[in-house]
Amino acid sequence: MKIRQTRRDFLKKTSAAAMATMGMGAPLAGLLSSCESKIPSTADSVILLFMAGGMAHTETFDPKKYTPFRKGMEAKEILSTFPSIPTRLDGIHFSEGLENIASVMDKGTLIRSYQAADLGHILHTRHQYHFHTCYEPPQSVVVPHLGSWIAKEKGPLNPVIPPFINIGQRFTVGEGEELKAFHSAGFLGSEFGPFLIPDPTAGLDAVRPPVGMDYKRFESRNKLYKDLISAGPMGEFGSDYQKESLQRSMEQAYMLLNSPEAKAFDLSQEPRESYEKYDTGGRFGLGCLLARRLVEQGARYITVTTEYEPFFGWDTHDNGHTRLKDMKKMIDAPIAQLIKDLDESGKLERTLVIVASEFSRDMLTEGRPDLKVLDQVEVPDIVEDMKNYGMHRHFTDGCSILMFGGGIKRGHVFGKTADERPCKTIENPIKIDGIHQTIYHALGIPADKHYEIEQRPFYTTPDGKGKAEFGLLTKG
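Residues numbered from 1 in each chain as written. Predicted model: local features only at pLDDT ≥ 70, side-chain atom pairs only at ≥ 80, totals over all residues. Heavy atoms only, no water.

Asks: Hey, could you run me through the packing of aromatic side chains in this one?
Replies: Where two aromatic rings form a pair, the distance of their centres and the angle of their planes describe that pair. A full pass over the atoms with the stated rule returns eleven aromatic pairs. Here Y135 and F458 contribute two aromatic rings whose centre-to-centre distance is 4.7 Å and whose plane-to-plane angle is 20 degrees, an arrangement assigned as stacked. Taken as a pair, Y135 in the loop between α3 (124-133) and α4 (146-154) and F458 in strand β21 (residues 456-459) lie far apart in primary sequence, 323 residues in all. Here the two residues Y135 and F458 agree in accessibility, since each one is buried. The interplanar angle of 75 degrees and the centroid separation of 5.1 Å between the aromatic rings of F187 and F458 together place this pair among those described as edge-to-face. Linking F187 in the loop between α5 (176-180) and β8 (195-197) with F458 in strand β21, this pair joins segments that are 271 residues apart in sequence. Taken together, the ring pairs connect Y135, W149, F187, Y451 and F458 into an aromatic cluster. Above the ring of Y275, the side-chain terminus of R272 is found at 4.7 Å from the ring centroid. The ring of F82 carries the charged tip of K328 above its face, separated from the ring centre by 3.4 Å. (Phe/Tyr/Trp six-rings, centres within 6.5 Å; stacked < 30°, edge-to-face > 60°. Helix = DSSP H or I, 4+ residues; strand = E, 2+ residues; numbered from the N terminus. Buried < 20%, exposed > 50% of the residue type's maximum accessible area, 1.4 Å probe, protein only. Lys NZ or Arg CZ within 6 Å of the ring centre and 35° of its normal.)

Next comes the structure, spelled out in structure tokens:
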């Protein structure tokens, strides 16, 4: 039986893990490191487009029978609240409102069989932690984010561009502390942690001193900051490795500050016609544009998120149908334009682009059909109001993921869900360790990569058991 974890439990244990990690020395290459396999890479960069909040598969990339709204309808009738539309793949349909992404599906793979983890009582940030780290929280150490593993193992493509960049997520809204728990390089060191850009329109502000501060004054403050670090907990309790890693991260930031590549962070440099193709009225679309510009300059790993804030965005506990109209308008054109631009420039061949969410949604089932968990929202048996027309509950047994470029098959569909409720995975199930190892394999990072932490090997996926799904790749 799964132990029910509260948000407070989650925070207490991850905070303790952070203190424990601070006391560690350098991660040691495991005794089995000489056995690590050597594999050729098909990708140099990764862009994860994360639909934070729970994107319903039946309302986006895996539509079922369309049932239009009518007063007095039964909730159990509702599978999809949008009609389906054709894609560039014969016989494959998306949900209405995703016409632009549908037009580029000949360039990528559609996964319809991702199964999210069973973590007991569902909390978005716990499932997001699991999605981004591949480890179930809490852990006894601060677990590195997927982007941190990639930054550590592959290093920067361009030494002045941070190897791990996160665009769009603020920590000042909603469950900020819980989100911080997995935006970390953990024991790998500060230099491999995320370079945070909450607002892509202010990207240039992230790489230059504040207004009114000249470079000489900035250098003085930089020296003072180093002194404060030395006198603080890191200086007293941190290992030599951690201190050196923090110092390198500061040096990298300073190098970027003085580099011509800093212009890539300035969206005002983008031609107006191109800018407008990405500008859909929110930060996500412009985040996709910034990601494209940064990949062109040698960024290694980028996350662009629609941002998780409880009861907003994809977190559709009410008004599901109405809110999904707006979410589709936000993501459809920018995602498709990103794929087109990368393809036209030749960058898509070596850039792996992923569109994913922590789990899906269903009107009736919380969790999965064979392992239901506590309901968190009331859905009436009879729907009388539009606010109850949509996908309200969290569903983990059938989720959609898109993958493009970087060695991923073109024009391919992987997996299948049932056409009738429960719309669960019925062919080729894939879980998060398979997703992560497929990404690592494309980058040439072996599945047996690990470090010795707390006198035990710590792998990129739990116990080193994750395996790449070669059915998604052009090369095995």
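Asks: What is the right way to look at the pattern of salt bridges in this model?
Replies: If charged atoms from side chains of opposite charge come close, those side chains can pair. Per the stated rule, a full pass over the model turns up 25 salt bridges. Measuring nitrogen to oxygen at the nearest pair gives 3.8 Å for the salt bridge that ties K76 to E74. E74 sits in the partly exposed class, given a relative accessible area of 34%. In this structure, the salt-bridge partner of D370 is R368, at a minimum N-O distance of 3.6 Å. A relative accessible area of 64% means that D370 is categorised as exposed. We classify R368 as buried; its relative accessible area is 8%. Via salt bridges that share partners, E270, R292, R293, E296 and D341 belong to a single interconnected network. (Salt bridge = Lys/Arg side-chain N within 4 Å of Asp/Glu carboxyl O.)

Asks: What exactly am I supposed to notice about the side chain of D315 here?
Replies: Position of D315 relative to the elements: it lies in the loop between β9 (301-305) and α11 (320-345). Looking at D315, the relative accessible area reads 1%, which means it is buried. Once you skip the residues sitting within four places of it in the chain, D315 turns out to touch G53, H124, Y308, E309, P310, R323, R361 and H394. (Contact = heavy atoms within 4.5 Å.)

Asks: What is the right way to look at the side chain of T42 in this model?
Replies: Mapped onto the fold, T42 is located in the loop between β1 (28-29) and β2 (45-50). Residue classification places T42 among the buried positions, given a relative accessible area of 17%. Of note is the side chain of T42, whose polar atom sits 2.8 Å from the backbone oxygen of G406. In contact with T42, not counting residues within four places along its chain, are E349, R350, G406, G407, A442 and K475. (Polar contact = N/O pair within 3.5 Å; in protein donor to acceptor, adjacent residues only side chain to side chain.)

Asks: What am I meant to see in the sheet that holds β9 here?
Replies: Sheet strands pair by backbone hydrogen bonding; their relative direction is either parallel or antiparallel. Overall, mixed pairing links the eight strands, which are arranged β8-β7-β9-β2-β10-β16-β6-β17 in an open sheet. Each end of this open sheet is capped by a strand with a single partner; those strands are β8 and β17 (412-414). The sheet shows a mean angle of 15 degrees between the axes of neighbouring strands, taken without regard to direction. Sheet topology places β2 next to β9; five bridges connect them, and they run parallel. Considered in β9, the bridge of I47 is made with I302. Packed onto the sheet, helix α10 (residues 283-296) meets β2, β7 (164-167), β8, β9 and β10 (351-356) and runs at close to 170 degrees relative to β9. (Pairing = 2+ DSSP bridges. Axes fitted to C-alpha atoms, helices over the stretch in contact; angles between N-to-C directions.)

Asks: Explanation requested: the nonpolar core in the structure shown.
Replies: Looking at soluble globular proteins, one finds that nonpolar side chains tend to be buried together. Counting 55 residues, the largest nonpolar core has L49 and F94 as the members making the most contacts within it. V141, F359, I445 and Y459 belong to the second largest nonpolar core, which has 53 residues in total. (Core = buried A, V, L, I, M, F, W, Y, C linked by side-chain atoms within 4.5 Å.)

Asks: What should I look at first to understand the environment of G411 in this one?
Replies: With respect to the secondary-structure elements, G411 resides in the loop between β16 (399-404) and β17. Along the primary structure G411 and D90 are separated by 321 residues, whereas in three dimensions their C-alpha atoms are 9.4 Å apart. Sequence-distant contacts of G411, defined by excluding residues within four places in its chain, comprise L89, M105, D106, K107 and G108.

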